[in-house]
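# Notes for the structure review
Now for the letters of each chain:
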Amino acid sequence: MNKKQKNQADELLTLKDRLNEELFAKLKEKKRELEQQEQRRKEEEEARRREEQRKREQQKTFEELLNESNLDWRNFK
């Protein structure tokens, strides 16, 4: 029974309990840094897409603008 109780106690321990406090703090800091990098990367990607869309809008020809227009000449007869 003593061995069984020891196994149950080991199962209750979490990874945090088993790790050194300093190592755990370093891991949390690294996680936070990676999340910040991912957030910056997403923001940069979004800004790049908006800039490309803006440039495409500026480069449209009159024909493209006319085709995208929802105006119908029949409404103005």
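Note that the coordinates shown come from a computational prediction; the quantities given were computed from them, not determined experimentally. For every chain, the first residue of the written sequence is number 1, and numbering continues from 1 along that sequence. Selection of residues for local features in this predicted model requires a pLDDT of at least 70, selection of side-chain atom pairs for listing and counting requires 80 or more, and totals for whole chains, interfaces and linings are taken over all residues. Side-chain figures throughout are based on the complete set of non-hydrogen atoms in the structure, without hydrogens or water.

### Concerning the overall build of the chain
- Elements are defined by DSSP. Helices are runs of H or I of four residues or more, strands are runs of E of two residues or more, and each kind is numbered from the N terminus. Across its full length, the chain holds four helices and zero strands.
- When the helices and strands of the chain are listed from N to C terminus, the series reads α-α-α-α.
- Here the chain holds 77 residues, and 0% of them are scored as buried.
- Taken as a whole, the chain presents about 8,100 Å² of accessible surface, with 50% of it coming from carbon and sulfur. For every residue, the accessible area obtained with a 1.4 Å probe (protein chains only) is divided by the maximum for its type, and the residue is called buried under 20%, exposed over 50%, and partly exposed between those limits. Surface accessibility follows the Shrake-Rupley procedure with a 1.4 Å probe radius. Residue values consider only the protein chains on display as shielding.

### As for the pattern of salt bridges
- Should a side-chain nitrogen of Lys or Arg be within 4 Å of a carboxyl oxygen of Asp or Glu, the pair is scored as a salt bridge. By the definition in use, this model includes eleven salt bridges.
- Between Glu38 and Arg41 there is a salt bridge, and its shortest N-O distance comes to 2.6 Å. Of the two residues, Glu38 and Arg41 are both situated in helix H3 (residues 21-58); the distance of three residues between them amounts to about one turn of the helix.
- For Glu38, a relative accessible area of 34% translates into the label partly exposed.
- Note that Arg54 is salt-bridged to Glu51, the shortest N-O span being 2.4 Å. With Arg54 and Glu51 both in helix H3 and three residues apart, this pair spans about one turn of that helix.
- Among the ionic contacts, a cluster of salt bridges with common partners joins Glu45, Glu46, Arg48, Arg49, Arg50 and Glu52.

### Digging into the confidence of the model for the chain
- For the chain, the mean per-residue pLDDT works out to 82, and 75% of the residues sit at or above 70.
- You can read pLDDT as the predictor saying how much it trusts each residue, on a scale of 0 to 100. When pLDDT is averaged over each element of the chain, H3 comes out on top at 94 and helix H1 (residues 2-12) at the bottom at 60.

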